[in-house]
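# Residue-level structure breakdown
One letter stands for each residue in the lines below.
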Amino acid sequence: MILRVARAAWARGWGAGCRRGAADFPLPPPRAVDVAELLRDATATEEEPREAAARRPPGQCSVLLFPGQGSQVVGMGRGLLRYPRVRELYAAARSVLGYDLLELSLHGPQEALDRTAHCQPAVFVASLAAVEKLHHLQPAVVENCVAAAGFSVGEFTALVFAGAMEFSEGLYAVKVRAEAMQEASEAVPSGMLSVLGQPRSKFNIACLEAQEHCKTLGIKNPVCEVANYLFPDCRVISGHLEALQFLRENSSKYHFRRTKMLPVSGGFHTRLMEPALEPLEQVLKSIGVRKPLVSVHSNVDGNRYMHPRHIQKLLVRQVVSPVKWEQTMHAIYERKRGTEFPQTFEVGPGKQLGAVLKSCNLQAWRSYQHVEVLEDDGT
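Residues numbered from 1 in each chain as written. Predicted model: local features only at pLDDT ≥ 70, side-chain atom pairs only at ≥ 80, totals over all residues. Heavy atoms only, no water.

The next thing to look at is the sheet that holds strand β3 (residues 190-196). Hydrogen bonding along the main chain pairs the strands of a sheet, whether they run parallel or antiparallel. Taken together, 5 strands build an open sheet; the order of strands is β6-β3-β5-β4-β8 and the sheet is mixed. Pairing within the sheet leaves two strands with one partner each, and these edge strands are β6 (258-261) and β8 (323-324). Sheet topology places strand β4 (residues 224-231) next to strand β5 (residues 234-240); 6 bridges connect them, and they run antiparallel. Bridge pairing in β5 places Phe 231 opposite Cys 234. Against the sheet, helix α15 (residues 325-333) makes contact with β4, β5 and β8, and its axis sits at roughly 30° relative to β4, the strand it touches most. (Pairing = 2+ DSSP bridges. Helix = DSSP H or I, 4+ residues; strand = E, 2+ residues; numbered from the N terminus. Contact = heavy atoms within 4.5 Å. Axes fitted to C-alpha atoms, helices over the stretch in contact; angles between N-to-C directions.)

Structure, rendered in structure tokens:
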């Protein structure tokens, strides 16, 4: 039964009707309605598949991880175009976005693709296109999925995969989110700094002293705080550029082993993104959000969503809250000693989440695979 529900979750995101009306969102791609109708009866109950999942040996189950902003690269999607419905997926995206996302993803230029307003939709669509490839080549992986999580904008991807949102509505919400975050990032010179520390690293003290440094430069209400918890002793810090430069120059004082500026345009997941909250909140109120058919874990607290209202609330809060990815990995993979780990698939551009998983849980990583989106490797 879990097999049918997982398929239904993915089909439902394609085929169900939109609540906002035809003028706002495109019609589903051809054949999507047919798929949804074939699987519609599989969504009749939700408790039975969860019981079936509990009985299934963990080694036969799968977890899907969806990447976020920063994983984009020119050429992504090239390895997906021969699989069913991928071109239709990009055609539907063009109707929602108003520009040719496939052309931008395949040919760039990289500077345009890197813009927040473009890269968030690009990663979202490429990741769902990679689900099509995975379902075509290894249908059991999708059918036996018991949990999903996505990093930042990847959380929207996970929710669409799990049937909590329809594709067009989810993409429209991502579009609004990305444009609002782009605008907020342009208002204040800010960025993100990846910091590899050690057990004695003083992240909180470093951020407080960086804020004090900014005040001496005349910056009012400076921002410098942890924005991503990646794995033990590794954080991403967001804030004013002056604060991040201070941390780089004083890295030895705080026992940082390595620092690196990330190729993003703003101080994401901090209060610098507050101007983006209202637009996202309004669009999430206007679309249909349902309980996911497989467990989806929130970036805000690492817990799985239990109610559609929680999804709408936490997706907004996520924009100004740290991504607790390390905590999410522990929530998904925690198990008794000797218990098998599920197969894990990173679905979308890049292998960053696999690298993070290796540092969080080496045993879980041993069952990790990546779904290639650049070239068709046939796997």
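Here the focus is the packing of helix α4 (residues 86-97) against helix α10 (residues 167-187). Axis separation between α4 and α10 bottoms out at 10 Å; the angle between their running directions is 50°. Considering the angle they form, α4 stands oblique to α10. With respect to the hand of their crossing, α4 and α10 are arranged in right-handed fashion. For the pair α4 and α10, contact is made by Leu 89, Ala 92, Ala 93, Val 96 and Leu 97 and by Phe 167, Ser 168, Leu 171, Tyr 172 and Lys 175, respectively. Of the residues assigned to the contact of α4 with α10, the class counts are 8 nonpolar, 1 polar and 1 charged. (Parallel < 35°, antiparallel > 145°, perpendicular 65-115°, else oblique. Left-handed = near helix turned anticlockwise from the far one by under 90°. Nonpolar A, V, L, I, M, F, W, Y, C, P; charged D, E, K, R; others polar.)

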